[in-house]
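Observations on the model geometry
These are the residues of each chain, in order.
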Amino acid sequence: MSDLVCPQNTIAVLQKYNFRFQKKFGQNFLIDAHVMDKIIAASGVQKNDFVLEIGPGIGTMTQYLCEHAKYVAAVEIDKNLIEILHDTLSSYDNVEIINEDILKVDIAGLVQEKNGGKPIKIAANLPYYITTPIIMGLFENHIPAESITVMVQKEVAQRMKAVPGTKDYGALSLAVQYYARPQIIANVPANCFMPRPKVGSAVICLTRHDTPPVHVQDERLLSAVIRAAFNQRRKTLANALDHCTQIGLGKEQLQECIQKMNLPAAVRGEELTLEQFGMLTDLLDQHMHADHISLE
Ligand code: SAM
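First things first, this report covers the structure right here in the doc. Only a predicted model underlies this, so the values are computations on that prediction, with no experimental measurement involved.

Here's the deal with the nonpolar core
When a protein is soluble and globular, its nonpolar side chains tend to lie buried together. Among the nonpolar cores identified, the biggest contains 70 residues, and Leu241, Ile247 and Leu280 are the most heavily contacted of them. A per-element tally of this core places helix α9 (residues 219–231) first, with eight residues. If we ignore the near neighbours within four places in the chain, the residues touching Leu280 are Val225, Leu237, Leu241, Cys257, Ile258, Met261 and Leu272. If you look at the next biggest cluster of nonpolar residues, it comprises 26 residues, including Val51, Met61, Val95 and Phe193.

Structure (structure tokens):
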């Protein structure tokens, strides 16, 4: 294989195909071998693994994954990259290139078809403009992924890992931490990419929990409560939840639930832990059902 992570080799491929970067697809190709080694090591990919790569670009990381894994499915949206990928990956028989938008791929179906539904590993240098929908889609659709090792914008990695009471803490921190244990592997400067992105980057590894750290009656309600709590960050929790149609409880009932948890009336969402959000969700759930029963 010609190691594409070496900048001269990337340039040679781009020139051979007269490839033009498309900003709208978040195309920043990795050209640093040291960072690549870190991603591959953190992903823990081994010879019996099925790996999903999101956005292979010209196939730089794909080649490494093919060397380490049993099988790689690489989903790339840009049709101009497909011919290039067939060329750069021609020496591998354990890779499939799928020309699709990852947000439209039936990943669960793919895992079922190609890996008998057994857990897969996911690795990617993600297109930053859709990081959150990709990650949340994987979690909320219960894709059987043991681990997700991805390059993301540095601030996003910090938000995923953030704890209560910090400025980075928000709906993404809680959502990610409900499903997985996040670990920042490395901060990556802009000069490790071609072209250089305007933002800093970080590699984060999300290791899926066997069972979520909190148990709630209704997972969807938990997610609605969290989103509502951070939608209007500056409001008190009671005021923020008052606007949530999925809860549909009056201000007094909301305050009653908050009080039952021994929280101050003016508490804000950013002060609550995941465990407290779980408890609050179950209390709200009980109230919602009590109301429902009394109306019948
Ligand atoms: N993996 C390559 C690397 O590390 O050099 C490229 C990474 S680049 C940051 C992101 C890649 O995702 C690009 O190849 C881009 O075309 C692709 N991409 C963007 N949006 C996508 C989508 N919705 N579905 C699949 N691929 C997408």
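Structural notes on the packing of helix α2 (residues 33–43) against helix α3 (residues 60–68)
The interhelical angle for the contact between α2 and α3, taken along N-to-C directions, is 45 degrees, at an axis separation of 11 Å. Judged by the inter-axis angle, α2 sits oblique to α3. Of the two elements, α2 crosses α3, and the hand of that crossing is right-handed. Residue-level contacts link Met36, Asp37, Ile39 and Ile40 of α2 to Thr60, Met61, Tyr64, Leu65 and His68 of α3. Split into classes, the residues belonging to the contact of α2 with α3 amount to six nonpolar, two polar and one charged.

Observations regarding the sheet that holds strand β6 (residues 145–153)
One open sheet holds the seven strands; their spatial order is β4-β3-β2-β5-β6-β9-β7, and the pairing between them is mixed. One side of each edge strand has no neighbouring strand; the edge strands of this open sheet are β4 (95–99) and β7 (180–188). On average, adjacent strands in this sheet sit at an angle of 15 degrees to one another, irrespective of strand direction. Examined bridge by bridge, strand β2 (residues 50–54) and strand β5 (residues 120–125) share three bridges and lie parallel to one another. Among the inter-strand pairings, Leu52 is bridged to a residue of β5, identified as Ile122. Most of the contacts of helix α5 (residues 107–115) go to β2, to which it runs at about 150 degrees, and overall it touches β2, β3 (71–76), β4 and β5.

Brief notes about the pattern of salt bridges
Applying the stated criterion across every chain, the model contains seven salt bridges. With a closest N to O distance of 2.8 Å, Asp87 and Lys16 form a salt bridge. In this pair, Asp87 is assigned in helix α4 (residues 82–88) and Lys16 in helix α1 (residues 7–16), connecting sequence segments 71 residues apart. Classification of Asp87 as partly exposed rests on a relative accessible area of 31%. We classify Lys16 as exposed; its relative accessible area is 59%. We note a salt bridge from Glu146 to Lys121, for which the minimum N-O separation is 4.0 Å. With Glu146 in strand β6 and Lys121 in strand β5, this pair connects stretches of sequence that are 25 residues apart. With a relative accessible area of 39%, Glu146 lands in the partly exposed category.

Rules and cut-offs
- The residue numbering used here restarts from 1 in each chain and proceeds along that chain's sequence as written.
- Thresholds applied to this predicted model are a pLDDT of at least 70 for local features of residues and 80 or more for the giving and counting of side-chain atom pairs; totals over whole chains, interfaces and linings are not thresholded and use all residues.
- Values reported for side chains reflect all heavy atoms of the structure, with hydrogen atoms and water molecules removed beforehand.
- Among the buried residues, those of types Ala, Val, Leu, Ile, Met, Phe, Trp, Tyr and Cys that are joined through side-chain atoms within 4.5 Å form a nonpolar core.
- Each residue gets one of three labels from its accessible area relative to the maximum for its type: buried under 20%, exposed over 50%, partly exposed in between, using a 1.4 Å probe on protein chains only.
- Under the scheme used here, helices are H or I runs from DSSP no shorter than 4 residues and strands are E runs no shorter than 2 residues, and both carry numbers assigned from the N terminus.
- Contact criterion: two residues are considered in contact whenever any of their non-hydrogen atoms come within 4.5 Å of each other.
- Interaxial angles span 0 to 180 degrees and are taken between N-to-C directions of axes, which are lines fitted to C-alpha atoms, for helices over the stretch in contact.
- The scheme is simple: roughly parallel for angles under 35 degrees, roughly antiparallel for over 145, roughly perpendicular for 65 to 115, oblique for anything else.
- The sense of a crossing depends on the near helix, which, turned anticlockwise from the far helix by less than a right angle, makes the crossing left-handed and, turned clockwise, makes it right-handed.
- Here the term charged refers only to Asp, Glu, Lys and Arg, the term nonpolar to Ala, Val, Leu, Ile, Met, Phe, Trp, Tyr, Cys and Pro, and the term polar to all other amino acids, Gly among them.
- Strand pairing requires that DSSP identify at least two bridges connecting the strands.
- Salt bridges are defined by distance alone: a side-chain nitrogen of Lys or Arg within 4 Å of a carboxyl oxygen of Asp or Glu.

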